[in-house]
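Topology and contacts: notes
Each chain, letter by letter, is given below.
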Amino acid sequence: MQTFRVLLENVPEHCDTYRAIVNEMTERVNTAPVRITYREQEENGYLLFYFQSWCETEYDAQTIDWARAFVALTLAEWVIQVKEPNIMEEMAADLLAAEQMETEWVEIFPYIQRMCQEVEPDGGELLTATTRKANVYRKVFTYLEWERTINVLGFVRFRLQEHWNELFELVETGIDEYLEDKQYEEFVELLRYFIAVQETKQEVVHVVPSVDKPFHLYDKKGDRLWLEQLDTVLNMDEQKCRDEDYLVSALVTLAPESIVLHMASEKPGLVQTIRSIFDGRLITCHSCSLCLSERRVLDGNNPSKL
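Per an unreviewed UniProt entry, the chain goes by Sporulation protein YtxC and derives from Brevibacillus antibioticus.

On to a negative patch on the surface, then. Together, E169, E172, D176, E180, D181, E185 and E186 make up a negatively charged patch on the protein surface. Secondary-structure assignment places E186 in helix α6 (residues 161-197).

Moving on: a nonpolar patch on the surface. A cluster of nonpolar side chains, namely Y184, F187 and L190, defines an oily patch on the protein surface of about 310 Å² accessible area. As for its placement among the helices and strands, Y184 is situated in helix α6. On the basis of relative accessibility, which here comes to 34%, the residue Y184 falls in the partly exposed class.

What follows deals with the environment of Y18. By secondary structure assignment, the location of Y18 is in helix α1 (residues 12-28). Separated by 57 residues in the primary sequence, Y18 and L75 place their C-alpha atoms 7.8 Å from one another. With sequence-adjacent residues up to four places away left out, Y18 is seen in contact with V6, L8, F49, F51, T74, L75 and W78. Among the polar contacts listed, one links the side chain of Y18 to the side chain of T74, at a separation of 2.9 Å.

In this section: the nonpolar core. Counting residues in hydrophobic clusters, the biggest one holds 48 residues, and the most contacted among them are V6, Y18 and F51. Beyond its immediate sequence surroundings of up to four residues, V6 is in contact with Y18, L47, L48, F49, F51, V71, L75, I150 and V152. Residues L191, V252, I259 and I274 belong to the second largest nonpolar core, which totals 24 residues.

A few words now on the side chain of D219. Residue position: D219 is located in the loop between β6 (215-218) and α7 (228-234). This buried residue, D219, is left without a salt bridge; K221 holds the nearest opposite charge, at 6.3 Å. Engagement of the side chain of D219 in a polar contact is seen with the backbone nitrogen of K221, the distance being 2.9 Å.

Another point: the packing of aromatic side chains. Counted by the stated rule, this structure contains eight aromatic pairs. Relative to F70, the ring of F51 has its centre 6.4 Å away and its plane inclined at 65°; by these criteria the two rings are edge-to-face. Placement of the pair is F51 in strand β3 (residues 46-55) and F70 in helix α2 (residues 66-98), with a sequence separation of 19 residues. Each of the two residues, F51 as well as F70, counts as buried. A centroid spacing of 5.5 Å and a plane angle of 75° characterise the contact between Y111 and Y178, whose relative ring orientation is edge-to-face. Placement of Y111 in helix α3 (residues 105-117) and of Y178 in helix α6 is noted, with a sequence separation of 67 residues between them. Of the two residues examined, Y111 and Y178, each falls in the buried class. An aromatic cluster of at least three residues, connected via ring pairs, comprises Y18, Y38, F49, F51 and F70.

The next thing to look at is the pairing of strand β1 (residues 2-9). In this structure, β1 lies alongside β3, joined through eight bridges in antiparallel fashion. Within the sheet, the bridge partner assigned to T3 lies in β3 and is Q52. Where β1 meets strand β4 (residues 149-151), three bridges bridge the pair, whose relative direction is parallel. Bridge pairing links V6 to I150 in β4.

Turning our eyes to something else, we now look at the pairing of strand β8 (residues 282-285). Note: strand β7 (residues 256-262) against β8, four bridges, orientation parallel. Note that in β8 the partner of I259 across the bridge is L282. Read from β7 through helix α9 (residues 268-278) to β8, the crossover connection turns out right-handed.

This paragraph deals with unusual backbone geometry. That bond from A32 to P33 is cis: its omega, 10°, falls within 30 degrees of zero. Topologically, P33 is positioned in the loop between α1 and β2 (34-43). Located in the positive-phi region is N44, a residue other than glycine, with phi close to 50°. Along the chain, N44 turns up in the loop between β2 and β3. The exposed category is assigned to N44, whose relative accessible area is 73%. A positive phi angle is found at D279, which is not glycine, with a value near 55°. Relative to the elements of secondary structure, D279 occurs in the loop between α9 and β8.

Rules used in this analysis
Residues numbered from 1 in each chain as written. Predicted model: local features only at pLDDT ≥ 70, side-chain atom pairs only at ≥ 80, totals over all residues. Heavy atoms only, no water. Patch = residues over 30% accessible without salt bridge, like charges linked within 9 Å, V, L, I, M, F, W, Y side chains within 5 Å. Areas by Shrake-Rupley, 256 points an atom, 1.4 Å probe, with all protein chains shown as cover. Salt bridge = Lys/Arg side-chain N within 4 Å of Asp/Glu carboxyl O. Lys, Arg positive; Asp, Glu negative; His and termini not counted. Charge placed at Lys NZ, Arg CZ, Asp CG, Glu CD. Helix = DSSP H or I, 4+ residues; strand = E, 2+ residues; numbered from the N terminus. Buried < 20%, exposed > 50% of the residue type's maximum accessible area, 1.4 Å probe, protein only. Contact = heavy atoms within 4.5 Å. Polar contact = N/O pair within 3.5 Å; in protein donor to acceptor, adjacent residues only side chain to side chain. Core = buried A, V, L, I, M, F, W, Y, C linked by side-chain atoms within 4.5 Å. Phe/Tyr/Trp six-rings, centres within 6.5 Å; stacked < 30°, edge-to-face > 60°. Pairing = 2+ DSSP bridges. Right-handed = clockwise from strand over helix to strand, strands pointing away.

Below is the structure:
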């Protein structure tokens, strides 16, 4: 027979969640031939979950650790469900108070939540909730190898410091992303106002993806529009801004009545950006001879007609 003791602060909500996790895992996880049961009792301000296990056959190299693994899994799940959200909110509250942004919590929370649940597109260092849960599981599993009683409050405080440091970085990143998006939205609103009051300089501007440069611009007659300052920037060896940013700058300068973006299906992000700034002026083209042939303008000094 094996025994493990889990001491939780006697907070009804926390204990109810842990009890639900244990019961769900008991039903979902087949531990046969090992049988695991538990009982509860109050002990010095804590609620004690007392686990007992025994094996219907003799323990072997695998079954000897099943009860320990079971308890470690329940605690890892509890940390992710209960402690992480609480501590995440405390971290965010401190950071927002320092920046006097408490009133923006409702808008910021989805950013933090997304950071704590997703992985970066390039497969970078951002940890998913599943990975963090696995890390907590390993720490609890290792701890229970030598100790049969675990005080969850002390374990969370002193044994999971690395875990909370990683979570703090995710919270910071979520707030930073919110601020970046907010600044972008404010910038877009400013551009939209500027465009609304600006005098139109071109009836139509065609935007064509190119080989020698990110984009070529044409007027309604199909003649190339030359913007010396823009071309100089686009030819720089090291660009600190995205090509799309320079295109937006050019379109703001040209102030067209309408914008035709060719091969638009290749640039969904660009379509969204231009539409957010120029509203109903954008037309996406997918069916002209240029788009259908996916032809590019190759000669920047003597470009072909549109």
